[in-house]
Amino acid sequence: MQSWAGERPAIRLGILGLGAMGTEIMASAVTLPDFAVVCAYDVSPAAVDRARTRHPDVSFAASAQEVVESSSVDAVYIATPPMFHTEAAIAAMRAGKAVFCEKPLAISLADGRRMVAAAAEWGVAAAVNFALSDRNAVLHLERSLAEGEVGEVRGIEVRLSFPRWPRDFQADAAWLAGRDQGGLVREVLSHFVYLTDRLLGPLDPVEVGVDFPLADPHASEVAARGFLRAGGVPVYVSAFSGVAGPELYEWILWGTRRSYLLRNWGELLASEGGEWKTVHLTQPRGSETTRLSLFADAVRGGNPRYLADFATALRVQEVVEAFHHTNVVRQRCEPSR
Ligand SMILES: NC(=O)c1ccc[n+]([C@@H]2O[C@H](COP(=O)([O-])OP(=O)(O)OC[C@H]3O[C@@H](n4cnc5c(N)ncnc54)[C@H](O)[C@@H]3O)[C@@H](O)[C@H]2O)c1
């Protein structure tokens, strides 16, 4: 398949993993002149059948190795469950392909570090898909902080709650309910760790931990709590799953002159005292499609500021894994009745 983005040949993309995210990225990539989706692979024949029905022009490989080593692939997007990211990404980079990997980078720090080292060794574009990286609300926050509109930053709060885990759109992703690679910390909190790191600097986990259900030794956490510092700024995390209530994503920046509330990924509110007021954002929102375009820039030698590189994703992973592996406070809670 040969197509052109203006004067430039399209980047030939291979996709690994055709579940919730792989399906979404594939649907975006086929609309972009920057990319030609040439092949894809999933271990699940049902996932392949679904994708083949939607994208009959794409060829489906018999293995992940076939995708990453194919001479007709320039770049690989990896949307497998996290425990398969490392080997796929390293094999792709070794074969000279650029890599766009889903978060979390990996599930062991040793693997994350190997991925960062491989990206440096092979000199290919290597980026991670954090949903907030090019959101208009985040760009607004970044500008507002740079211009000193918030005054002194007194603290950050991250509050997450999920009535169902995994959430409805990932209902088929059983791995998310497992302790080895799933859980709300890796899956969701990672985005807000990325955001905090991006806006305030690297995070130092002071006292962090998770609660696991007693009933199932393999189940992912049902709560996470944390006190961290980003530079001098205190960061408080509280997150719960399986609770009666709304699905909620809140990231609050408390400033002495202006505070911000980023709610449910895209909704930005501000207060200079008194009620939160909606911030009307005029720039485009940012989406899988815009991040794919940023990745195309990276593949062509650019250094797009709003795309997380592997080193950034490793810093996020270090914080995320601290929640799971800390010796500071670790409790178990009774199963819900
Ligand atoms: N950036 C975001 O906003 C965002 C949102 C959701 C999920 N994610 C991330 O995307 C990744 C995938 O999540 P998902 O929700 O699509 O999960 P999913 O379970 O829906 O999809 C994963 C797919 O990978 C396939 N698979 C498993 N092992 C494989 C292997 N070795 N090779 C090829 N395919 C394999 C599965 O059959 C499945 O179809 C995870 O890392 C997740 O954290 C990112």
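Preceding this section is the structure that the text describes.
Here's a quick rundown of the structure. Note that the structure is a prediction, hence the values are computed from the model and not measured.

1. Some words on the environment of Leu184
1) Next: Topologically, Leu184 is positioned in helix 7 (residues 184-200).
2) Next: Classification of Leu184 by relative accessible area gives buried; the value is 0%.
3) Next: Along the primary structure Leu184 and Glu288 are separated by 104 residues, whereas in three dimensions their C-alpha atoms are 21 Å apart.
4) Next: Not counting chain neighbours up to four residues away, the residues in contact with Leu184 comprise Phe162, Trp165, Leu189, Glu221, Ala224, Ala239, Phe240 and Ser241.

2. So, helix 4 (residues 85-94)
1) Next: Most of helix 4 sits inside the fold, with 7 of its 10 residues counted as buried.
2) Next: Within the span of helix 4, buried status applies to His85, Thr86, Ala88, Ala89, Ile90, Ala92 and Met93.
3) Next: Count one or two residues on from helix 4 and you reach Gly96, which has phi positive near 85°.

3. Some remarks on the sheet that holds strand 3 (residues 11-16)
1) Next: A sheet is described by the order of its strands in space; here 7 strands give the open sequence 5-4-3-6-7-8-17, paired in mixed fashion. At either margin of the open sheet sits one strand with a lone partner, and together these are strand 5 (59-60) and strand 17 (308-309).
2) Next: Here strand 6 (residues 75-78) pairs with strand 7 (residues 98-102) via 4 bridges, running parallel. By the bridge assignment for strand 7, Val76 is matched with Val99.

4. A few points about the pattern of salt bridges
1) Next: Scanning all chains against the criterion turns up 24 salt bridges.
2) Next: For Arg258, the salt bridge is made with Glu149, and the minimal N-O distance between the two is 2.9 Å. Residue Arg258 is found in the loop between strand 13 (248-255) and strand 14 (259-263), and its partner Glu149 is found in the loop between helix 6 (136-146) and strand 9 (153-162); the two are separated by 109 residues along the sequence.
3) Next: In this structure, Arg315 and Asp197 form a salt bridge, with 2.8 Å as the shortest nitrogen-oxygen distance. Placement of Arg315 in helix 9 (residues 310-325) and of Asp197 in helix 7 is noted, with a sequence separation of 118 residues between them.
4) Next: Judged by relative accessible area, which is 32%, Arg315 ranks as partly exposed.
5) Next: With a relative accessible area of 7%, Asp197 lands in the buried category.
6) Next: Among the ionic contacts, a cluster of salt bridges with common partners joins Arg143, Glu147, Glu149, Arg258 and Glu272.

Scoring rules and cut-offs
Residues numbered from 1 in each chain as written. Predicted model: local features only at pLDDT ≥ 70, side-chain atom pairs only at ≥ 80, totals over all residues. Heavy atoms only, no water. Helix = DSSP H or I, 4+ residues; strand = E, 2+ residues; numbered from the N terminus. Buried < 20%, exposed > 50% of the residue type's maximum accessible area, 1.4 Å probe, protein only. Contact = heavy atoms within 4.5 Å. Pairing = 2+ DSSP bridges. Salt bridge = Lys/Arg side-chain N within 4 Å of Asp/Glu carboxyl O.

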